[in-house]
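The lines below spell out each chain.
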Amino acid sequence: MPGDAKALPQAVEVAVVGGGPAGLAAATRLKEHGVASVAVLDREPRAGGIPRHCGHYPFGLREFHRLLRGPDYARRLVARAEDAGVEIYPQTTVTGITPGPRLSLSTPGGAADMTAKKVLLATGVRETSRAARFIGGQRPLGVVSTGALQSLVYLAHKRPFARPVILGSELVSFSAIFTCRHAGIRPVAMVEPGERVTARSFTRALPRLFGVPLHLGTELVTIHGKERVEGVTLRGPGGAEQVLDCDGVIVTGAFTPEATLCRLGHLELDPGSGGPVIDQFGRCSDPDFFAAGNLLRPVETAGWSWHEGVAAGDVLTECLAGRLPAAERHLEIVVDHPAIKLALPQRIALPFSDGALTHLQLRVTRAAGGKLEARDGDTVVWSKTLSVLPERRLLLPLHDVVGKVRGATLSLRFSEVA
Amino acid sequence: MPDAPAETFDVTVIGAGVVGCAVARRLTLEGARVQVVEKAVDILDGASKGNSGILHTGFDAPPGSLEQACIAAGYREYLEIRERLNLPLLTCGALVLAWNEEEEARLPALMEQARANGVDDVAALSRAEILALEPNLSPRVRAGFNVPREYVIDPWSAPSVYLQQALDNGAACRRGSEVLGGAFDGETWELETSGGPLRSRAVVNCAGLYGDIVDQRLLGESGFTIRPRKGQFVVFDKAAARLAQSIILPVPTAKTKGVVICRTSFGNLLVGPTAEDQDSRDDASTDGATLQMLRAKGIEMLPALAALPVTATYAGLRPASEHKDYQVKARAEQRYVTVGGIRSTGLSSALGLAREVHRLLVSFGDSYRPPQQVAWPRAGVLTDYAERAWARPDNGGIVCHCELVTRREIEAALDGPLAAQSLSGLKRRTRVTMGRCQGFYCLGALSQITEGRFDSPLAEDDRDAG
Ligand SMILES: Cc1cc2nc3c(=O)[nH]c(=O)nc-3n(C[C@H](O)[C@H](O)[C@H](O)COP(=O)(O)OP(=O)(O)OC[C@H]3O[C@@H](n4cnc5c(N)ncnc54)[C@H](O)[C@@H]3O)c2cc1C
Ligand SMILES: Cc1cc2nc3c(=O)[nH]c(=O)nc-3n(C[C@H](O)[C@H](O)[C@H](O)COP(=O)(O)OP(=O)(O)OC[C@H]3O[C@@H](n4cnc5c(N)ncnc54)[C@H](O)[C@@H]3O)c2cc1C
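Residues numbered from 1 in each chain as written. Chains lettered and ligands numbered in written order. Predicted model: local features only at pLDDT ≥ 70, side-chain atom pairs only at ≥ 80, totals over all residues. Heavy atoms only, no water.

Draft legend 1. A look at the sheet that holds strand E23 (residues 359-364) of chain A. All names here are of chain A. Overall, antiparallel pairing links the 3 strands, which are arranged E21-E23-E26 in an open sheet. Of all the strands in the sheet, just strand E21 (340-344) and strand E26 (394-397) have a single pairing partner and so form its edges. With direction set aside, neighbouring strand axes in the sheet form an average angle of 25 degrees. (Pairing = 2+ DSSP bridges. Helix = DSSP H or I, 4+ residues; strand = E, 2+ residues; numbered from the N terminus. Axes fitted to C-alpha atoms, helices over the stretch in contact; angles between N-to-C directions.)

Draft legend 2. Region of interest: the pattern of salt bridges. As enumerated under the stated definition, the model contains 54 salt bridges over all chains in all. With its nearest N and O atoms 2.6 Å apart, the salt bridge here joins A:Glu308 to A:Arg297. Residue A:Glu308 is found in helix H8 (residues 302-320), and its partner A:Arg297 is found in the loop between strand E19 (289-291) and H8; the two are separated by 11 residues along the sequence. Of the two residues examined, A:Glu308 and A:Arg297, each falls in the buried class. Bridged by salt links that share partners, the residues B:Asp42, B:Asp45, B:Lys49, B:Arg175, B:Arg428 and B:Arg429 form one connected network. (Salt bridge = Lys/Arg side-chain N within 4 Å of Asp/Glu carboxyl O. Buried < 20%, exposed > 50% of the residue type's maximum accessible area, 1.4 Å probe, protein only.)

Draft legend 3. Just the interface of chain A and chain B, in detail. Chain A puts 49 residues into the contact, and the matching count from chain B is 57 residues. Between chain A and chain B, roughly 4,300 Å² of surface is buried when both sides are summed, and carbon and sulfur atoms account for 52% of that area. It is A:Phe134, A:Lys158 and A:Arg263 in chain A that bury the most area against chain B; as a group they hold 17% of the surface buried on that side. The tally of links between chain A and chain B comes to 2 salt bridges. The residue B:Asp461 makes a salt bridge to A:Lys158 at a minimum N-O spacing of 2.6 Å. (Contact = heavy atoms within 4.5 Å. Buried area = accessible area lost by both parts, 1.4 Å probe.)

Draft legend 4. Representation of the domain arrangement of chain A in the model. Residues and elements named next belong to chain A. Splitting chain A by domain gives domain 1 (11-126 + 256-324), domain 2 (131-246) and domain 3 (332-416). Spacing between the C-alpha centres of domain 1 and domain 2 amounts to 31 Å. Between domain 1 and domain 2, the residue contacts involve 5 residues of the former and 6 residues of the latter. Here domain 1 meets domain 2 over a buried area of about 540 Å², counting both sides, of which 64% is carbon and sulfur. Across the domain 1-domain 2 interface, the total number found is 0 salt bridges. Linking domain 1 to domain 2 there are 1 residue pair in polar contact (both at pLDDT 80 or more). By residue class, the composition of the side of domain 1 that touches domain 2 is 1 nonpolar, 3 polar and 1 charged. (Domains from an automatic or database assignment. Polar contact = N/O pair within 3.5 Å; in protein donor to acceptor, adjacent residues only side chain to side chain. Nonpolar A, V, L, I, M, F, W, Y, C, P; charged D, E, K, R; others polar.)

Draft legend 5. Here's a closer look at the site of ligand 1. Lining the immediate surroundings of ligand 1 are 36 residues, of which A:Ala22, A:Asp42, A:His56, A:Asn294 and A:Ala302 lie closest. Ligand 1 sits at the junction of chains A and B, each of which supplies nearby residues. In the model, an oxygen atom of ligand 1 is placed 2.9 Å from a nitrogen or oxygen of the A:Ala22 main chain. The contact in question runs from an oxygen atom of ligand 1 to an N or O atom on the side chain of A:Asn294, over 2.8 Å. Protein contact buries 93% of the 970 Å² of open area that ligand 1 shows by itself. A per-class count over the shell around ligand 1 returns 16 nonpolar, 15 polar and 5 charged. (Near = heavy atom within 4 Å. Areas by Shrake-Rupley, 256 points an atom, 1.4 Å probe, with all protein chains shown as cover.)

Draft legend 6. Structural detail: the nonpolar core. Judged by nonpolar contacts, the single largest core of 63 residues is most densely connected at A:Leu103 and A:Leu121. Apart from the residues within four sequence positions on either side, A:Leu121 is in contact with A:Val17, A:Ile97, A:Cys262, A:Leu267, A:Phe289, A:Phe290, A:Ala291, A:Ala292 and A:Leu295. Of all hydrophobic cores here, the second largest spans 56 residues; its members include B:Leu44, B:Leu163, B:Phe266 and B:Ala354. (Core = buried A, V, L, I, M, F, W, Y, C linked by side-chain atoms within 4.5 Å.)

Draft legend 7. Structural detail: the environment of A:Ser411. Residues and elements named next belong to chain A. With respect to the helices and strands, the residue Ser 411 is situated in strand E27 (residues 409-416). Accessibility expressed as a relative area gives 10% for Ser 411, which makes it buried. When the C-alpha positions of Ser 411 and His 65 are compared, they lie 38 Å apart, and in sequence the two are 346 residues distant. Contacts of Ser 411, omitting those with residues within four sequence positions, involve Val 334, Asp 336, Glu 373, Ala 374 and Arg 375.

Draft legend 8. Inspection of the packing of helix H1 (residues 18-29) of chain B against helix H5 (residues 157-168) of chain B at higher detail. Residue and element names in this part refer to chain B. Where H1 meets H5, the axes come as close as 8 Å, and the angle between the chain directions of the two elements is 30 degrees. Viewed along their axes, H1 and H5 adopt a mutual orientation that is roughly parallel. The way H1 lies across H5 gives a crossing that is left-handed. Of the residues in H5, those touching H1 at Val 18, Cys 21, Ala 22, Ala 24, Arg 25, Thr 28 and Leu 29 are Pro 159, Tyr 162, Leu 163, Gln 165 and Ala 166. (Parallel < 35°, antiparallel > 145°, perpendicular 65-115°, else oblique. Left-handed = near helix turned anticlockwise from the far one by under 90°.)

Draft legend 9. Representation of helix H3 (residues 101-116) of chain B within the structure. Residue and element names in this part refer to chain B. Helix length check: H3 (16 residues) gives 24 Å between terminal C-alpha atoms against 22 Å at 1.5 Å per residue, within 8%. Leu 107 marks the point of greatest bend in H3, at about 35 degrees, and the proline Pro 108 comes within the next four residues. Along H3, the residues classified as buried are Glu 103, Leu 107, Leu 110, Met 111 and Ala 114. Tucked inside the fold, the buried residues of H3 contact strand E4 (94-98), strand E5 (123-126) and strand E6 (143-147). Capping of H3 at its N-terminal end is provided by Asn 100; its side-chain oxygen lies 3.2 Å from the backbone amide nitrogen of Glu 102. Phi for Gly 118, located one or two positions after H3, is positive at around 85 degrees. (Expected span 1.5 Å × (residues − 1). Bend = angle between axes of the 7 residues up to and from the residue.)

Draft legend 10. Geometry of the site of ligand 2. Residues and elements named next belong to chain B. Of all residues adjacent to ligand 2, which total 41 residues, the nearest are Glu 38, Ser 48, Ile 54, Ile 342 and Ser 348. A distance of 2.8 Å separates an oxygen atom of ligand 2 from a polar backbone atom of Ala 47. One of the backbone N or O atoms of Ile 54 is found 2.8 Å from a nitrogen atom in ligand 2. Starting from 1,000 Å² of accessible surface for ligand 2 in isolation, the protein chains cover 98%.

Draft legend 11. Structural context of the domain arrangement of chain B. Residues and elements named next belong to chain B. Examined at the domain level, chain B breaks down into domain 1 (1-85 + 153-224 + 320-379), domain 2 (94-148 + 227-318) and domain 3 (389-461). A separation of 29 Å is found between the C-alpha centroids of domain 1 and domain 2. The partner domain 2 presents 31 residues to the 29 residues of domain 1 that form the contact. Per-residue buried area on domain 1 facing domain 2 is highest for Phe 59, Leu 209 and Ala 320; these three make up 27% of the total on that side. Scanning the region where domain 1 abuts domain 2 turns up 2 salt bridges. Note that Asp 60 and Lys 257 form a salt bridge whose closest N and O atoms lie 2.9 Å from each other. Summed over the shared surface of domain 1 and domain 2, the number is 14 residue pairs in polar contact (both at pLDDT 80 or more).

So this is what it looks like as structure tokens:
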């Protein structure tokens, strides 16, 4: 447990919600720019975010120019922020946001309120639960996400099962293998509904390397067992079902922004990204609120999120100094193809100037190849032939595009080649 | 556990579902020495584990049935006692809606039935009136009527605090003890349980999904056969609760009340249940195709649900029987009462059923003297519609972030005579892991807080890891 809780201030210049890489980077930057009071509010007993329980490498290359494990990386981020004069309040949950900007809080001492000149939301992402994926069966113990597995293994030093099945093949699914190995857990299979492994190619050999059989084109349909997991039913590519003996299920990936505050509050959400609608400054639909890090989209690395935090710190400093232009109007970014899952920022504040986000970030829903086009009505203002896979970064430089648009929308399309 | 029963109780109540809990409370308050025996490690582990949480008026119950009478009495008593027991009430009312011509044609008869059941404040609504009340409903709705006094309650806090009140006033409860058999010697029942013998002067069988089996074990016969009927649910994110103020009921059929859209006491919105007959009395499995169907059905009625995430899914099993009405039967010569086949309204009727059971025991010639002083325990606040522990000082900090459950609440639930002994028991008492992330954020911390408390721990120690 952390030491004595510091008294919460009632008003600060910038309140940062979430002390992961993005929030800590922004807060540190704000202090470096001389902003008087910057508070980071984090609901966990310690700040640091997701890396606190990623017991593996590689973290910290961008930030500290060295290879670190997640927990060491998180500690360094916290130390750097504190050295810069950031006030960090752990065990402080933001329960609601309202215009003002005003935050409702809960601490071990009860409810509190805080006002700020500006608020930065940096609440990160989590994995989609078994329930939200409609995986059938009973509800035994031993069905966990990678995040929960990591906190069980690395933070609580516990082992929830011995022979789990891993659902998913994203990068995080491979960290699940690492986490298992660390705790002496032996996964019996990795199951991926898609035709290929979602993570980058170098990881493809890993399951075999670790002796974990890989089932592609396979769905996990049912979880068996009443008290504890006793097996799972898999449906293979031909539709044939088989029951696999196991004592746990790790439901990995399918990240979703932890956008609860926006959803329950007054900020506009983008159904595509699952995060708040922002402009190139990371400014939300209520311009007193900004957002950065993986709250913006599923999913980027810690380094990327940290970098977004730094940029948000710069923008917020400008904003406090009254140098951030208000939007006279917006250029709306419209996703106009089913293969495109999300694009952000969702709108560009005009007249255009460079912000925290220098590129449009895109993700696809499935493997796709062809020509990606950005159009202003019927005019193609940007295009590129490419082939992409889900969960891969796809960037489109804002600077090259925005100046060429006359209309009020920029639509993104994909002409696929079969 | 002792091998010889220490005491001969007045009454043994078999089963700590909502019915058993309410019966134990009523009989204790009437002055009987009551023991409850429950086979599961925790209470509320059978049919009462998963329902819709609606406090029914009984407007659509068969007029003149025992079910209708018990719902009416149970409803009345819940409203009388709920403030003293600190139980929540969402006074949201219900709309019974017709979505096609055939359903619309049945509305007048249903309203007649409601009035016959004493629910005389129902009023017909046109489509325009419905949409004015519930603007998020699909304009495909045709007509309906409102039932202003259909309410939402907490399906777990209520029965838990009924039993707690029984215990606080002298009752005993044994969990993890299954009644296997027994004999009546003309005066006393000697029950054989997996936890040792028990003795009492009367037995009330409230074994829910096993009601017929318990009858057979103790009497050698049963007047009914349980035919489990499963109901699956999809629970939407709390943001969805803004979309519907009222309970949205369909026009019921002979078999089921149909798929409902309803807020929960905890601030979510649920869509369900289905009605699926099955043989298993234990297997409350969900299946992906049915959950998809429910989600689609929800979206059909409330289109904005399409944009909202699903928080949880679950299923409950109704203890239905071949009979439509409740199977409440007293056997005076054996000083035995069966309360069986309480299929789909037991949460609402339990307090009424409990009065009926008391009446039957009195008809055996029993008389008890009510206690002079009655203790009134207060349920913890789990509803999102009242101030929760996280807003109060010295809460120990939030552990479950999605449901805002504090360390103190968890500690309290792990303590006392009805302490949670399983994760599902802890969930029902505190709501931990029942929110959007389903344990992503808090499972690690929970495994530490609950260490050594559960028969089936969340995880084993891994001292080598670090
Ligand atoms: C299971 C998992 C494994 C991952 N593994 C890797 C990996 O190996 N390498 C990698 O580069 N990336 C990984 N990621 C991606 C990860 O999101 C980023 O590394 C990084 O943590 C993003 O930083 P962030 O600051 O945006 O969010 P986070 O690190 O998620 O930080 C968000 C913070 O906000 C706090 N918070 C949330 N809501 C509230 C609230 N209402 N009130 C107060 N505080 C709140 C949380 O407690 C948390 O500390 C992983 C993600 C997950 C979910
Ligand atoms: C999908 C669904 C939705 C519903 N919605 C509503 C609603 O909105 N409103 C409403 O009022 N009602 C509703 N109900 C109905 C309500 O849930 C049931 O009527 C009620 O739970 C029945 O309770 P019970 O106590 O009879 O049975 P149970 O809850 O099954 O209790 C019986 C107990 O006896 C124990 N037991 C069994 N055998 C033995 C033995 N041999 N020895 C010891 N113990 C034993 C069991 O473990 C169990 O705990 C719904 C039900 C379902 C399934």
